[in-house]
Amino acid sequence: MGKYLDNPAALKIDLMLRGIRMEDPVVKAWACGCSGVDILLPQDTLVNIPCREEFTKGSPYLIKRRGERYFITDGKNEVPVKLVQRPAFYGKRTATGVPFSEIASVHGSYTVVTPSKRCDFFNRSIECKYCAGNFNVDGASDRVYSVDEVTETVEAVLKEGASRIIYLSIGFSPGDDGGIEFLRPYITAIKKNFNCLVAVEALPPKENRWIDETYALGADSVLYNLEIFDKELFEIICPGRAAQIGRKRYMEALEYAAKIFPNGTVASHLIVGLEPPGSTCMGIDCLTDMGVVPVLPIYRPSSEKDLSISPLTTEIIIPVYKHLYKAVTKKKVNLNWVRDLSMVTTPAEIRGLVDESRGGLMESFYKSKIGMKTAWGLSSLRRKLRVVDKDPDPSSEH
Amino acid sequence: MAIEIDTRPIWLILALKAVRPVFFVALGLVFLLVVQMPTPAGLTPAGQNAIAVFMLCLVLWVTNAVPLAITSLFAIVLVPILGILPSKETYGLFGNEAVFFILGAFILAGAVMHSGLSNRIALNIMQRYGDSPKKLLLSIFLLAAVLSFFMSEHAVAAMLFPIVLEISKALGLKPGRSNYGKLIFFSLAWGCVIGGVATFLGGARVPLAMGILKETTGDTIGFLEYTIAVLPLVVIMLLAGYFLLTRLYPIDITGVDSAHDVLAKRLKGLGKMSFPEYAVGCVMALTIVAWMFLGSHLGLAAIALSSVVALFIFRLVKWKDIEEYVNWGIILMYGGAIVLGAALDKSGAAKWIVNETVGQWAGHPWTVFAIFSLLAILMTEAMSNAAVIAVLLPVSIGLARSLSMDPSIVTFAIAVPAGLAFMFPMSTPANAIAVSSNYVTVSDMIKGGAIMTVLAWIVFNLVAAFWWPLIGMGY
């Protein structure tokens, strides 16, 4: 076997770092218009492999078809894989004519829904330096999808069973609430109409009461993505986040959110490859100490700019992921929430790198359909118990 | 929606949540037990049921487990179902004059506030008379009190709060540390509390007491008669309050020029006095005169509602402007309390309770007066003043009758102290507003409030003993 072909977790990291070459027309058609191709590696390890960027041309990996089966080969050895079925709703449109694929994209167990692709950092020229195509955010020109359009999209996603977790993502907008007021009608409509879990990726609000509000509204998980832990690099690479929010506020908001949301449902991205591995490890320790799940996407350089540290190899970053797994298990952070993501390697997947076990019974249960329904039920019950309406009842006045 | 996330362990939250259903089941069982137990000697079955309903409502009112109005509605439902009073009579009691007087008073006060007249009066007085720290403090104190003569003390506190807060900011007073900050917010709260007992209009509790009195005895107390009886208490408590406050928190600023600028700016923002302000002011003034001199002849509710009709005939207000000022919950609560009071009286339950409890040791009218006024002033610190009246008045009227006392005297003994809540933020919204400013702390309020409560009870009893005989009242 090749260097990483026998270990799905390591292979996932290596594939995300180096990309893949394609020759099969079916795979090429799948990847058309996408940043990568979704492949299921052995042990149900899902990965979105870069295939269009310049750096992928030098990848040792090739995906090839033999009969009805697909294989990934590094030239010497090969491993059987499955091409993830492209969601059927991608080819459909809302009643207003918007393609569902513009509003939502499936990333494994999550479907990312972007009601607005606007990010005010672009209008102020303080956008994150890597942010060319992460969630395809842009300045003020893009339209905002209506609640009905988003609800229709979510209905299509859930009907098809593409995923059971809806991940609402927005860019920066001026205001104290971190974008929650904007997301309020979307979260409310989704929670009112569907029995699904909702994750929210927003900017940290200026006051903690907005975090309470986010939870009370129906968000089951929240992400405030710090992206870079190193203070100086954070200011250079994420000037908008540094100036408008500040690293300190990120930490405060994450720490507070971890006290409000259930264990394992508060997460923050730390991009691997934009800062030294030691710095990422320090970030992992800091976040896990607060009960936050660090999510480590690998930086994908675009053809215009490459901000990655050098050298950036799988050998260098695998220890970072191992450190992540050890940190989350040591701090007893629940791993059932952040899992099966195609764009990032999750702590649960790294288990295979550390002790080669397959995860416990609970993990398998929560992956099942009944497990998802249980998670939704427990999450709703928890919210019902924890959220206290402080509005005074006027009829109780003296 | 103002929300808070309870971060205590889930098991604890679940245990606490279980308390509520357990509480209601236990309450239901006790209620059924009281209804089913053998009827004691001297009590009719209807009286026994009335006591069961009274106990149920007492617990619900004190604990606030459901809104006060809902407890009252429950009482209205139970009274005919348990055969205490016929349905027709029960629902007829809800149409009591006091309920409609309260409704009229809410609408009139709403019209005054909506027109901006009350705000203008407040700003003018503070600007004209408040040119030194001492005078500004006095003008806030007296303004809160005098305005509470004519409209609900809660409404006065809510109306003056933003003005006083702005003054405190303009003067650069530090929350929690500035004595003057404490003084002006205490003045606001205590002014409203003391002024609120001066007339029928300071709160809905006095009309409620009058309603219960009328339904159980047929007696009434006139608007002017009540005010004359209570005025010395109000004057003495205002003086005592000012004296106590300035001793507890000596004035620590020398000038109030910046506060004057704020008041002048706010006044300028109001523009010149509008026609609706003049007109609503005239209607209100005429209404008060009519209450004073024609109240016993025409009825307070009839005057209030006539004035309301006049406001709408002359298009001085619109219904949607007024709706937010009408606290329908309080109206429902009061209607139910009157029904319960009548049920206790007509079933003979009130008399039986008196004979079996306080009747044994309350041998003299002045002890009855002193004990019930003490109970009322203490209970109002922890529960709604309307609930205090609903709980104590039917029993005390029964006792008054057995001692050949004038029932209107015990009505005073409960209705007046029930409005004198000084100690806690939860006692009355005026106190809560003062604490919400962050200038006054809860411990400040307890410290000053405890002295005021003792003082108020002593002064009230002295007024009853020495002033009332001079005006032809007394026990």
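Residues numbered from 1 in each chain as written. Chains lettered and ligands numbered in written order. Predicted model: local features only at pLDDT ≥ 70, side-chain atom pairs only at ≥ 80, totals over all residues.

*Asks:* Looking at this model, I keep getting lost on the overall build of chain B. Mind explaining?
*Replies:* Helix and strand counts for chain B stand at 22 helices and one strand. The contacts in chain B between residues at least 6 apart in sequence include a share of 82% that link residues at least 24 apart. (Helix = DSSP H or I, 4+ residues; strand = E, 2+ residues; numbered from the N terminus. Contact = placed C-beta atoms within 7 Å.)

*Asks:* What's the story with the overall build of chain A in this structure? I'm lost.
*Replies:* The number of helices and strands found in chain A is 15 helices and 15 strands. Every one of the 398 residues in chain A was classed for burial, and the buried ones make up 47%. If you take every contact in chain A between residues at least 6 apart in sequence, the share linking residues at least 24 apart comes to 73%. (Buried ≥ 20, exposed ≤ 12 C-beta atoms within 10 Å, placed from the backbone.)

*Asks:* In this structure, what is going on with the interface of chain A and chain B? I would like to understand it.
*Replies:* Many authors give the size of an interface as the accessible area that is lost as the parts come together. The partner chain B presents 24 residues to the 20 residues of chain A that form the contact. Looking at the side of chain A that touches chain B, the elements with two or more residues in it are helix 7 (209-217), helix 10 (247-260), helix 15 (369-386) and strand 15 (387-389) of chain A. Per-class residue counts for the side of chain A that touches chain B are seven nonpolar, three polar and 10 charged. Bridge analysis of strand 15 of chain A against strand 1 (residues 3-5) of chain B gives three bridges, and the strand direction is antiparallel. Paired with V387 of chain A across the two strands is I5 of chain B, which belongs to strand 1 of chain B. (Nonpolar A, V, L, I, M, F, W, Y, C, P; charged D, E, K, R; others polar. Pairing = 2+ DSSP bridges.)

*Asks:* I tried to follow the packing of helix 18 (residues 365-382) of chain B against helix 19 (residues 385-402) of chain B on my own but got confused; where do I start?
*Replies:* Geometry of a packed helix pair, given as the angle between the helix axes and the separation of the axes. Residue and element names in this part refer to chain B. The interhelical angle for the contact between helix 18 and helix 19, taken along N-to-C directions, is 165°, at an axis separation of 10 Å. What the angle tells us is that helix 18 and helix 19 run roughly antiparallel. Considering how the two elements wind past one another, helix 18 and helix 19 form a crossing that is right-handed. For the pair helix 18 and helix 19, contact is made by V368, F372, L375, A376, M379 and T380 and by N385, V388, L392, S396, L399 and A400, respectively. Partitioning the contact of helix 18 with helix 19 into residue classes produces nine nonpolar, three polar and no charged. (Axes fitted to C-alpha atoms, helices over the stretch in contact; angles between N-to-C directions. Parallel < 35°, antiparallel > 145°, perpendicular 65-115°, else oblique. Left-handed = near helix turned anticlockwise from the far one by under 90°.)

*Asks:* Just to check I follow, could you spell out the confidence of the model for chain B for this structure?
*Replies:* Predicted coordinates in areas of low pLDDT are best not read in detail. Overall, the predicted model of chain B reaches an average pLDDT of 88, with 98% of residues at or above 70. Scored as a complex, the prediction yields pTM 0.68 and ipTM 0.78. (pLDDT = per-residue confidence, 0-100.)

*Asks:* What exactly am I supposed to notice about the packing of helix 8 (residues 153-170) of chain B against helix 9 (residues 179-196) of chain B here?
*Replies:* Residues and elements named next belong to chain B. Taken N-terminus to C-terminus, the directions of helix 8 and helix 9 make an angle of 165°; their axes are 10 Å apart at the nearest point. One way to sum up the angle between helix 8 and helix 9 is to call them roughly antiparallel. Helix 8 and helix 9 meet at a crossing whose hand is right-handed. On helix 9, the residues that touch E153, V156, A157, L160, F161, V164, I167 and S168 of helix 8 are G181, I184, F185, L188, A189, C192, V193, G195 and G196. Of the residues belonging to the contact of helix 8 with helix 9, the class tally is 12 nonpolar, four polar and one charged.

*Asks:* How should I be thinking about the nonpolar core in this particular structure?
*Replies:* The biggest cluster of nonpolar side chains holds 167 residues, and the ones touching the most others in it are V53, I102, L188, A189, Y334, I389 and I414 of chain B. Examining the composition of this core, we find that 14 residues originate from one element, helix 5 (residues 97-115) of chain B, more than from any other. Setting aside residues no more than four positions away along its own chain, I102 of chain B makes contact with A204, P207, I330, I331 and Y334 of chain B. Membership of the second largest hydrophobic core comes to 113 residues, among which are I49, I211, L274 and V333 of chain A. (Core = buried A, V, L, I, M, F, W, Y, C linked by C-beta atoms within 7 Å.)

*Asks:* Explanation requested: unusual backbone geometry in the structure shown.
*Replies:* The phi angle of most residues is negative, glycine excepted, and most peptide bonds adopt the trans form. In the Ramachandran plot, E227 of chain A falls in the positive-phi region, its phi being about 75° despite a non-glycine side chain. Looking at where E227 of chain A falls in the secondary structure, it is placed in the loop between strand 11 (221-224) and helix 8 (231-237). Unusually for a residue other than glycine, N64 of chain B sits at a positive phi of about 60°. In this structure, N64 of chain B sits in the loop between helix 2 (45-63) and helix 3 (68-81).

*Asks:* How do you make sense of the environment of L58 of chain B when you look at a structure like this?
*Replies:* Looking at the secondary structure, you find L58 of chain B in helix 2. Sequence-wise, L58 of chain B and T71 of chain B are 13 residues apart; in three dimensions their C-alpha atoms are separated by 9.1 Å.

*Asks:* What should I look at first to understand the sheet that holds strand 4 (residues 62-66) of chain A in this one?
*Replies:* Adjacent strands of a sheet pair through backbone hydrogen bonds, lying either parallel or antiparallel. All names here are of chain A. Overall, mixed pairing links the six strands, which are arranged 1-4-5-6-2-3 in an open sheet. Looking along the sheet, the strands with just one partner apiece sit at the ends: strand 1 (21-22) and strand 3 (45-50). When strand 5 (residues 69-73) meets strand 6 (residues 78-83), the two strands line up antiparallel, connected through four bridges. Bridge assignment links F71 to a residue of strand 6, and that residue is P80. Here helix 1 (residues 8-18) sits on the sheet in contact with strand 2 (36-41) and strand 3, set at roughly 15° to strand 3.

*Asks:* Just to check I follow, could you spell out helix 7 (residues 133-150) of chain B for this structure?
*Replies:* Structurally, the α-helix is built with 3.6 residues per turn, so residues lying three or four positions apart point the same way. All names here are of chain B. Its 18 residues place the ends of helix 7 26 Å apart at the C-alpha level, agreeing with the 26 Å of an ideal helix rising 1.5 Å per residue. Every buried residue belonging to helix 7 is among L136, L137, S139, I140, F141, L143, A144, A145, L147, S148, F149 and F150, and all of these are buried. Its buried side turned inward, helix 7 meets helix 6 (117-129), helix 8, helix 9, helix 11 (223-248), helix 12 (257-270) and helix 13 (275-298). (Expected span 1.5 Å × (residues − 1).)

*Asks:* What's the story with the sheet that holds strand 10 (residues 197-202) of chain A in this structure? I'm lost.
*Replies:* All names here are of chain A. What the eight strands build is an open sheet, ordered 7-8-9-10-11-12-13-14; its pairing is mixed. Of all the strands in the sheet, just strand 7 (104-107) and strand 14 (344-345) have a single pairing partner and so form its edges. As paired elements, strand 9 (residues 165-169) and strand 10 share five bridges and run parallel to each other. Looking across to strand 10, one finds that L168 is bridged to V200.

*Asks:* In this structure, what is going on with the pairing of strand 7 of chain A? I would like to understand it.
*Replies:* Walk down a regular strand and you will see the side chains alternate between the two sheet faces. Residues and elements named next belong to chain A. Sheet analysis places strand 7 next to strand 8 (residues 110-113), joined by four bridges and oriented antiparallel. Each bridged residue has a counterpart across the sheet, and for S105 the counterpart in strand 8 is V112. Counted between consecutive antiparallel strands, the loop separating strand 7 from strand 8 contains two residues, among which G108 sits at a positive phi close to 85°.

*Asks:* Looking at this model, I keep getting lost on the pairing of strand 2 of chain A. Mind explaining?
*Replies:* All names here are of chain A. For strand 2, the tally of buried residues reaches five of six residues, placing the bulk of the element in the interior. Looking at chain direction, strand 2 and strand 3 are connected through six bridges and run antiparallel. Bridge pairing links V37 to I49 in strand 3. Connecting the antiparallel pair strand 2 and strand 3 is a turn made up of three residues, with Q43 showing a positive phi of about 60°. Pairing between strand 2 and strand 6: two bridges, direction antiparallel. Each bridged residue has a counterpart across the sheet, and for L40 the counterpart in strand 6 is K82.

*Asks:* How should the confidence of the model for chain A be read in this particular structure?
*Replies:* Mean pLDDT for chain A: 87, with 92% of residues reaching 70 or above. Contacts from residues 394-398 of chain A, a stretch scored under 50 in pLDDT, to residues over four places away or in other chains number 17 contacts.

*Asks:* I would appreciate a short explanation of the environment of L117 of chain B in the present structure.
*Replies:* All names here are of chain B. Of note, L117 is situated in helix 6. The class of L117 is buried, set by 21 C-beta atoms lying within 10 Å. Along the chain, L117 and E277 lie 160 residues apart, while their C-alpha atoms are 5.3 Å from each other. The residues contacting L117, other than those within four sequence positions of it, are V112, E277, V280 and G281.

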